[in-house]
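Chains, contacts and geometry: an overview
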Amino acid sequence: MNETPVVTQGDGATGASPTSSASPAPDRADLRPENIQDAVIRLAGNSQDGIQTAGAFLARLAGRSEHDVMTYMTIPATISGGPSIFQVRIGSGEVLSAGDEADFLVAFYQHSYQDHIGFLREGGVLLFDSDNVEPNLDDKRFVYVGVPITGLTVEALGGTARDKGKNIFVLGLISKVFNLDAEKLERLITEKFGGKNESVVNTALMAFQAGYAYPVGNVLTKHYRFEHIPRASGRAQITMDGNQALAYGLIAGGVRYGAGYPITPWSSVMETLRRELPKYGGIFVQAEDELASVSIALGCSYSGYLAVTGSAGPGISLKAEAIGWASMAEIPIIICNIQRGGPSTGLPTNVEQSDLHQAIFGSHGDSPRVVLAPASVEDCFYIAIEAARIARKYSTPVFILSDTSLATRIEAFDEPDLPKLMQNPKPDLTPRQTFKPYPIDQITQHAPPGTRILDGKYPLLAGLEHDEMGHPTGSPKLHMAMTAKRRNKLRKLAEEIPVPEVYGDQEGDTLLVGWGSTYGPIHDAAKMAHENGEKVGALHLRHLHPLPNGLEKIFEKFKRIVTVEMNDQGVYGFGQLATILRARYCEPKIQSVTKTDGLTFRVKEILDRVFKGRSFAARNIPREGAAIVHTGTAPENVKSLKEVVPQGVG
């Protein structure tokens, strides 16, 4: 097979240099790596191609190499699969978002090229499978690199590998271009496939080595190398996605029991807990349906062991009856809602933040519950510990609102100090005298079943309204008192929640307010707006219900407050968080920027909508130079990847 594709350069015309059947020349001796601090790499293909696997390898390598990393992926909602992407942003400094634009786009198919060329920055590199893709060479904004990926993979692995191994071949090719640690990657590949047949590991390594050995010196004028900036913390990094971080945070917080029912994108939390909890003396049950799962979890919590259940929005709806019972009976429980596009089955693999009102208000009667939302993958770990603390202290249901973006995103962060964080609370079975589980003037703390009550006056627990001993009652006076008791413990919680810090300007024209996975794009937008002369700050809320006391003192320092949310503006023109803030503070200057396209916010998108009429140029790359297709010769005008500016995701 001829491994040296046609080279087209000059004016971008279709003229071609003669092809050669000779083996490609080795990498040029004068090819030197150029140091870069940041790059965005987007892989575009079909879900069956394993591009998520290849992208995850890059992300985990970045974590092990003390680089910061953030990923973004889209997957089809159908079982048969379809177009998919995986985007990796690797940086030597802090990375808050996965990148508005790609510096390096890998297109496996014609539709991959057509759908995603618009996300490649000017001067960026398009690496395409020349066996399947014919780019428009008249578009002179990009550097075109054609490699017969399919054919070379078949040649390396044998004829049966036509649709397998391309992802790992490309991983090897990217590793060479960016001067990545091949030995570490090979160890990651071995770890990933080590539980399978040895031939699977060997095949993957062969594909990687074939890609890594490809003569990129004939492809690009430069290799790239990420600068190494020592991390200030000095701690080792771990790399995982948000669902993994959430599961391990629950374990660190002392959760040992739980139950659930599979649904995208919650299922991987359930799978992790089912695998890990037995190691800590616990168990996770896959129930027959959503109502059964929350009821099993409530039974575990009633026994004295804080338990967890979870789902996505549709499943939370089915759990609502039992969650209302938990509010009335004042049973601590953690409910994870990994949000997705809705309503109904909606957009099961796309992101949305449209379950906030459901979490706060979605029950029958006055049913107070706590609602928290992590800001990042790392925060998924710590928010779980916070949820466990609050659930125990206040004997209340606690919702954790994550979302599809956080669930599937991979980030690297400092390894938690587990000896200081790990909780392993056990039921207190100490004998006691008469015990009132529902004292009017105190927060409920149940005596676990099996606790000996010395005077024989054992308490009850009920979903019916009750007196202080738990005995059912229809007393209007007691119902009012107990309703106030359940409400007031959330007011007490609000007093202890720290007021979040304002990022950027502490007073000025605009305050951007967000929650959940919008953290990174909002902060990058605030930074860019500030650099362009705007007086702007950013505030991110982790505690959504109850809200921390003191926000009004922050709001009064800005002329307008704009929430940035991935939900609909609703009948009255405001996002779900904006609606709550306007109701809470009666402040007409609270506005919102919302969207429901199933994609996370891009930084440019936030800036364009918050500061209408202003221009915030993210890059300044001239549209000059001819289009180039090559692998046989080195182009003269490959742009440096150092021009990357922190961005959000589209």
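Our structure's up above, just so we're on the same page.
Presented here is a report on the structure given in the accompanying data block. (Residues numbered from 1 in each chain as written. Predicted model: local features only at pLDDT ≥ 70, side-chain atom pairs only at ≥ 80, totals over all residues. Heavy atoms only, no water.)

1. Points about the state of the cysteines
- Per the counting criterion, the structure on display carries zero disulfides.
- A disulfide-free cysteine, Cys336 has its sulfur positioned 9.4 Å from the sulfur of Cys380, the nearest such atom.
- Its relative accessible area of 0% is what places Cys336 among the buried residues.
- Exposure remark for Cys380: the relative accessible area of 1% places this residue in the buried category. (Disulfide = S-S within 2.5 Å. Buried < 20%, exposed > 50% of the residue type's maximum accessible area, 1.4 Å probe, protein only.)

2. A word on the sheet that holds strand β11 (residues 283-286)
- Judged by pairing direction, the sheet is mixed, and its seven strands sit side by side in the order β11-β10-β12-β13-β15-β14-β20 without closing on themselves. Each edge of the sheet is formed by a strand with only one pairing partner; in this case those strands are β11 and β20 (543-545). The average undirected angle you get between the axes of adjacent strands in this sheet is 20 degrees.
- Two elements, strand β10 (residues 257-260) and strand β12 (residues 307-311), share two bridges in a ladder whose sense is parallel. What sits directly across from Tyr257, in β12, is Ala307.
- Strand contacts of helix α7 (residues 242-252): β12, β13 (333-339) and β15 (397-403), with the helix running at about 175 degrees to β13, the strand carrying the most contacts.
- Against the sheet, helix α10 (residues 313-329) engages β12, β13 and β15, with an angle of about 160 degrees to β13. (Pairing = 2+ DSSP bridges. Helix = DSSP H or I, 4+ residues; strand = E, 2+ residues; numbered from the N terminus. Axes fitted to C-alpha atoms, helices over the stretch in contact; angles between N-to-C directions. Contact = heavy atoms within 4.5 Å.)

3. As for the packing of aromatic side chains
- Enumeration according to the criterion identifies 10 aromatic pairs in this entry.
- Ring plane angle 85 degrees and centroid distance 5.0 Å describe the contact between Phe381 and Tyr382, whose orientation is recorded as edge-to-face.
- Of the residues examined, Phe381 reaches a relative accessible area of 4% and is grouped as buried.
- Relative to Tyr585, the ring of Phe555 has its centre 5.4 Å away and its plane inclined at 85 degrees; by these criteria the two rings are edge-to-face. Of this pair, Phe555 sits in helix α17 (residues 551-555) while Tyr585 sits in helix α18 (residues 576-585), placing them 30 residues apart in sequence. Taken as a pair, Phe555 and Tyr585 share a single burial class, namely buried.
- Here the aromatic cluster, defined as three or more aromatic residues joined through ring pairs, consists of Phe104, Phe178, Tyr224 and Phe226.
- In this structure, Arg560 packs its charged tip against the face of Phe611, placed 5.5 Å from the ring centre.
- Above the plane of the ring of Phe574 lies Arg582, whose end atom (NZ or CZ) is 3.8 Å from the centre. (Phe/Tyr/Trp six-rings, centres within 6.5 Å; stacked < 30°, edge-to-face > 60°. Lys NZ or Arg CZ within 6 Å of the ring centre and 35° of its normal.)

4. A short note on the pairing of strand β5 (residues 102-107)
- In terms of residue burial, β5 counts as a mostly covered element, since six of its six residues are buried.
- Relative to β5, strand β2 (residues 38-46) runs parallel, the two sharing four bridges. The partner of Ile41 across the bridge, within β5, is Phe104.
- In this sheet, strand β6 (residues 120-129) lies alongside β5 in parallel orientation, the contact comprising five bridges. Note on β6: the bridge partner recorded for Phe104 is Val125.
- Crossover connection from β5 via helix α2 (residues 110-116) to parallel β6: handedness right-handed. (Right-handed = clockwise from strand over helix to strand, strands pointing away.)

5. Structural notes on the pairing of strand β4 (residues 83-91)
- Burial analysis of β4 places eight of its nine residues in the buried class, which makes it a mostly covered element.
- Sheet topology places β2 next to β4; nine bridges connect them, and they run antiparallel. Bridge pairing in β4 places Ile41 opposite Val88.
- The pairing of strand β3 (residues 68-74) with β4 spans seven bridges and is antiparallel. The residue bridging Tyr72 from the neighbouring strand is Gln87, located in β4.

6. Overview of helix α6 (residues 198-213)
- The terminal C-alpha atoms of α6 lie 22 Å apart, and with 16 residues this matches the ideal 22 Å at 1.5 Å per residue to within 8%.
- Three or more residues of α6 are buried, namely Val201, Ala204, Leu205, Ala207, Phe208 and Gly211. For α6, the angular spread of buried residues about the axis comes to 160 degrees, placing them on one side. Exposed and oriented more than 90 degrees from the buried face of α6 are Glu198 and Ala213.
- Buried residues along α6 sit against α3 (149-157), α4 (166-177) and α5 (182-193). (Expected span 1.5 Å × (residues − 1). Arc of directions from axis to C-beta.)

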